[in-house]
Amino acid sequence: MPLHMTKIAFSAESPASLRAWLESHPDEARLTTRYLPKRHEEMVGGSLYWIFEHALIGRSPIIGFEQRESDGRWHIRLAPKLIPVVTKPKRAHQGWRYLKEEDAPRDLGDGESSGDIMPPKLARELMKLGLV
């Protein structure tokens, strides 16, 4: 089973703007990180799950990792798509975190839309109250 990671959709105004940014890259989207994850080999074939408004809202498959020549930082290479998942509350954090397969939310099914699931803001409020 591949290992996944979570990351905040920093500077995304909405899930639609995140999707537009990903899809604006024809072959692959790249995120930059200072350090290579220790378990990076397990993560190829996994996904980066995006956090927006304190909830996991979608995922992008991880293609691999590549080091930049200029400064030694690392690119996280992603498939340029956002696959919607069932919204799951997730606290914000800096950088990225590992996510095990059994803890990852499922993809939305055919005919299911994000409107059929709990909105991220509501999920966050219920999480604060300890109800989710």
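Look up a bit, the structure's there.
Rules and cut-offs
- Residues numbered from 1 in each chain as written.
- Predicted model: local features only at pLDDT ≥ 70, side-chain atom pairs only at ≥ 80, totals over all residues.
- Heavy atoms only, no water.
- Helix = DSSP H or I, 4+ residues; strand = E, 2+ residues; numbered from the N terminus.
- Rg over C-alpha atoms; globule rule 2.2 N^0.38 Å.
- Buried < 20%, exposed > 50% of the residue type's maximum accessible area, 1.4 Å probe, protein only.
- Contact = heavy atoms within 4.5 Å.
- Areas by Shrake-Rupley, 256 points an atom, 1.4 Å probe, with all protein chains shown as cover.
- Lys, Arg positive; Asp, Glu negative; His and termini not counted.
- Charge placed at Lys NZ, Arg CZ, Asp CG, Glu CD.
- Core = buried A, V, L, I, M, F, W, Y, C linked by side-chain atoms within 4.5 Å.
- Phe/Tyr/Trp six-rings, centres within 6.5 Å; stacked < 30°, edge-to-face > 60°.
- Lys NZ or Arg CZ within 6 Å of the ring centre and 35° of its normal.
- Pairing = 2+ DSSP bridges.
- Salt bridge = Lys/Arg side-chain N within 4 Å of Asp/Glu carboxyl O.

Caption draft 1: Summary view of the overall build of the chain. Secondary structure summary: the chain contains three helices and seven strands in total. A globule of 132 residues ought to have a C-alpha radius of gyration of about 14 Å, and the chain, at 15 Å, matches this closely. Seen along its three principal axes, the alpha-carbon backbone of the chain occupies a region of about 45 × 30 × 30 Å. In the chain, which comprises 132 residues, the proportion classed as buried is 39%. Expressed as a percentage of contacts within the chain between residues at least 6 apart in sequence, the contacts between residues at least 24 apart total 69%. Accessible surface for the chain amounts to roughly 7,900 Å². Of this, 51% is attributable to carbon and sulfur atoms. Here the chain holds 20 positive side-chain charges and 18 negative ones, and the gap between their average locations is 7 Å.

Caption draft 2: Structural detail: unusual backbone geometry. Within the chain, Ser-11 stands out as a residue other than glycine whose phi angle is a positive 70°. A relative accessible area of 64% places Ser-11 in the exposed class. Look at His-54: it is not a glycine, yet its phi comes out positive at around 65°. Position of His-54 among the secondary structure elements: in the loop between β3 (47–52) and β4 (55–67).

Caption draft 3: Region of interest: the nonpolar core. Counting residues in hydrophobic clusters, the biggest one holds 20 residues, and the most contacted among them are Met-5, Leu-18, Leu-22, Leu-48, Trp-50, Ile-62 and Leu-78. Of all elements in the fold, only α1 (15–23), β2 (29–33), β3, β4 and β5 (74–78) reach the threshold of two or more residues within this core. Counting residues in hydrophobic clusters, the runner-up holds six residues, among them Ile-51, Leu-56, Leu-99 and Ala-104.

Caption draft 4: Main features of the packing of aromatic side chains. Taken as a whole, this structure holds one aromatic pair when the rule is applied. Plain terms: the ring middles of Trp-96 and Tyr-98 are 5.3 Å apart, the flat faces sit at 65° to each other, and that makes the pair edge-to-face. The ring centre of Tyr-98 lies 5.4 Å from the NZ or CZ of Arg-39, which sits over that ring.

Caption draft 5: Quick look at the pairing of strand β1 (residues 4–8). Most of β1 sits out of view: four of its five residues are buried. The pairing of β1 with strand β7 (residues 96–99) spans four bridges and is antiparallel. Each residue of the ladder has a partner; that of Lys-7, found in β7, is Trp-96. Strand direction decides the pairing type here: β1 and β3, joined by four bridges, are parallel. From the neighbouring strand, Ile-8 faces β3, where its bridge partner is Ile-51.

Caption draft 6: Seen up close, the pattern of salt bridges. All chains considered together, the criterion is met by seven salt bridges. Two residues, Arg-77 and Glu-28, come together in a salt bridge whose shortest N-O distance is 3.0 Å. Of this pair, Arg-77 sits in strand β5 while Glu-28 sits in the loop between α1 and β2, placing them 49 residues apart in sequence. Of the charged contacts in the structure, one is a salt bridge between Arg-39 and Glu-42, with a shortest N-O distance of 2.9 Å. Exposure remark for Arg-39: the relative accessible area of 34% places this residue in the partly exposed category. Bridged by salt links that share partners, the residues Glu-28, Arg-30, Glu-66 and Arg-77 form one connected network.

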